[in-house]
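Descriptive analysis of the structure
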Amino acid sequence: MSADAGRVGFPEGFLWGTATAAHQVEGGNWNSDWWAWEHDPSSNVAEPSGDAIDQYHRYREDIALLAELGFNAYRFSVEWARVEPEPGEYSAAALEHYRRVCQACHEHSIAPVVTLHHFTNPRWVHTDGGFEDPAIAERFAEYTRRTVGAIGDLVDYLCTFNEPNVFATAGYLAGAFPPAKRDATTRRLVNANIVEAHRRAVEIGRQAGLPVGLTLAMQDWQVAEGGEERRARILRNYEDVYLEAARDDDFIGVQTYSREFVGAEGTLPVPEGAEVTQMGYEFYPEALEATIRRAHQETGGTRVVVTENGIATDDDTRRVEYVRRALGGVSACLAEGIPVDGYFYWSSFDNFEWAEGYRPKFGLIGVDRESFERRPKPSAAWLGSIARANALGD
Ligand code: BGC
């Protein structure tokens, strides 16, 4: 549909937000497995995260800036490696820090949407059995109890795991994330343990009165000639295991960047002549509409929050075009009665893009790598004004 995203009647209370994750923005996250991985000569990481964008110290200014731009929600993550630096040793100071972050959000009428696990772990997790050990479910549950106990009264939505499908696949099948294993049986085991950890965290969050869910990496997988079976297999192993787990949750976080074609032998390269982003993905904002529908359908009707959607580009006009079309898809879903509670652009800031380092520019706000100065791009003002106009019911 050719929606003008500023006029399609998003519901009252719709969350207009942007998203980050602790390791990608905080800086100095040296006790995490990713920090160790960035400094491991055998890893594929382009550069270390270092100070990131120093949000650990600059969160107040960042939250104030997002509010000033017009947003009413902020998705960020709590860093487990800070909260539980050694097994069973909890840091009251780290928990107090995240409480202050939530308070800063409320001072600016920003709804905090908090993720408990966004790819990184304390280093001890891997030496202590890791995600292959079923004991991880209780360890994660205890971390969740402590975190919810410290900040639960200030949180609007609680996300347990960010993209557990990427975490399990990259870490245990593709060897691209720590602990860099390559074994399909191990990935299955890890998926099962995450599902159990997620279930326990859902219970804990709900006891505190919070809506709880997980966020999932979803692509619009499209069939190329002969690819039906292969596509079904990808969906089964990569997405369905978690869509199934999300059936009884309060929401499912949809995170979509593009589409991929699947042929008889597997995924195909981006079609010749297609526009590609700095990540090498096809520029295809329509993917979001397809994944929202699929998430809603395959969970049997769970509410949806678009917890990530965005584009890495140096051309900010393409960012505006991408989001405009993606929002058209969201509004089409809303018009059909699919409950979508919010849209979070990834990312608020240019930040540390995992193995790719600082090269890809996803941010609505640029950051000077020396001075840490924040420089909002035109897309930030544009999306913020849509947020503001819709919040006011214009
Ligand atoms: C992740 C983010 C990441 C983004 C862009 C998602 O896979 O949750 O941490 O930076 O996509 O690649």
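Residues numbered from 1 in each chain as written. Predicted model: local features only at pLDDT ≥ 70, side-chain atom pairs only at ≥ 80, totals over all residues. Heavy atoms only, no water.

**A short note on the site of the ligand**
Among the 13 residues in the neighbourhood of the ligand, the closest are listed as Gln24, His118, Glu163, Glu308 and Glu353. Gln24 places a polar side-chain atom, nitrogen or oxygen, 2.8 Å from an oxygen atom of the ligand. Side-chain polar atom of Tyr257 to an oxygen atom of the ligand: 3.3 Å apart, as the coordinates give it. In the complex, 93% of the free accessible area of the ligand, which totals 310 Å², lies under the protein chains. The cavity that encloses the ligand is the largest pocket. Here the residues of the shell around the ligand sort into six nonpolar, four polar and three charged. (Near = heavy atom within 4 Å. Polar contact = N/O pair within 3.5 Å; in protein donor to acceptor, adjacent residues only side chain to side chain. Areas by Shrake-Rupley, 256 points an atom, 1.4 Å probe, with all protein chains shown as cover. 1 Å grid on protein atoms, 1.4 Å probe; cavity = no way out; pocket = protein on both sides within 12 Å on 5 of 7 lines; lining within 4 Å. Sits in = over half its atoms within 2 Å of the grid points. Nonpolar A, V, L, I, M, F, W, Y, C, P; charged D, E, K, R; others polar.)

**Brief notes about the environment of Arg375**
Counting through the fold element by element, Arg375 comes out in strand β13 (residues 374–376). A sequence separation of 330 residues divides Arg375 from Val45, and the C-alpha atoms of the two residues are 26 Å apart. Not counting residues within four places of it along the chain, the set of residues in contact with Arg375 comprises Ile365, Gly366 and Asp368. Within the structure, Arg375 has its side chain in polar contact with the side chain of Asp368 (distance 3.2 Å). (Helix = DSSP H or I, 4+ residues; strand = E, 2+ residues; numbered from the N terminus. Contact = heavy atoms within 4.5 Å.)

**A closer look at the sheet that holds strand β8 (residues 259–263)**
If you walk across this open sheet you meet the three strands as β6-β8-β9, and the pairing is mixed. Here the strands that pair on one side only, and so sit at the sheet edges, are β6 (220–223) and β9 (266–267). Running at roughly 160° to β6, helix α10 (residues 228–245) makes contact with β6, β8 and β9 of the sheet. (Pairing = 2+ DSSP bridges. Axes fitted to C-alpha atoms, helices over the stretch in contact; angles between N-to-C directions.)

**Digging into the packing of α10 against helix α11 (residues 287–298)**
Viewed as axis vectors pointing N to C, α10 and α11 meet at an angle of 60°, and their least axial separation amounts to 9 Å. The angle between the axes of α10 and α11 places the two elements in the oblique class. For the pair α10 and α11, the sense of crossing is right-handed. Contact residues: Leu235, Glu239, Asp240 and Leu243 in α10; Arg294, Ala295 and Glu298 in α11. (Parallel < 35°, antiparallel > 145°, perpendicular 65-115°, else oblique. Left-handed = near helix turned anticlockwise from the far one by under 90°.)

**Digging into the pairing of β8**
Counting buried positions over the five residues of β8 gives four, a clear majority of the element. Bridging between β6 and β8 involves four bridges; their strand directions are parallel. Residue pairing across strands places Asp220 opposite Arg259, the latter belonging to β8. In terms of strand pairing, β8 meets β9 through two bridges, oriented antiparallel. What sits directly across from Gly263, in β9, is Gly266. Two successive antiparallel strands, β8 and β9, enclose a turn made up of two residues. (Buried < 20%, exposed > 50% of the residue type's maximum accessible area, 1.4 Å probe, protein only.)

**Here's the deal with the layout of surface pockets**
The computed volume of the largest pocket comes to approximately 1200 Å³. Considering the residues around the largest pocket, the lining is formed by 46 residues, among which Val166, Ala217, Gln219, Tyr238 and Tyr281 are closest to the centre. Of all the secondary-structure elements, those providing two or more residues to the lining of the largest pocket are α8 (164–172), α10, β7 (251–256) and β8. Top contributing element to the lining of the largest pocket by residue count: α10, with five residues. For the lining of the largest pocket, the per-class residue count stands at 24 nonpolar, twelve polar and ten charged. (Points joined across faces, edges and corners; volume = space filled by probe spheres on them.)

**Here we look at helix α3 (residues 55–69)**
Helix length check: α3, at 15 residues, gives a terminal C-alpha distance of 18 Å against a target of 21 Å (1.5 Å per residue), a shortfall beyond 12%. Bending of α3 peaks at approximately 35° at the position of Glu61. Phi turns positive, to about 125°, at Gly70, one or two residues after α3. (Expected span 1.5 Å × (residues − 1). Bend = angle between axes of the 7 residues up to and from the residue.)

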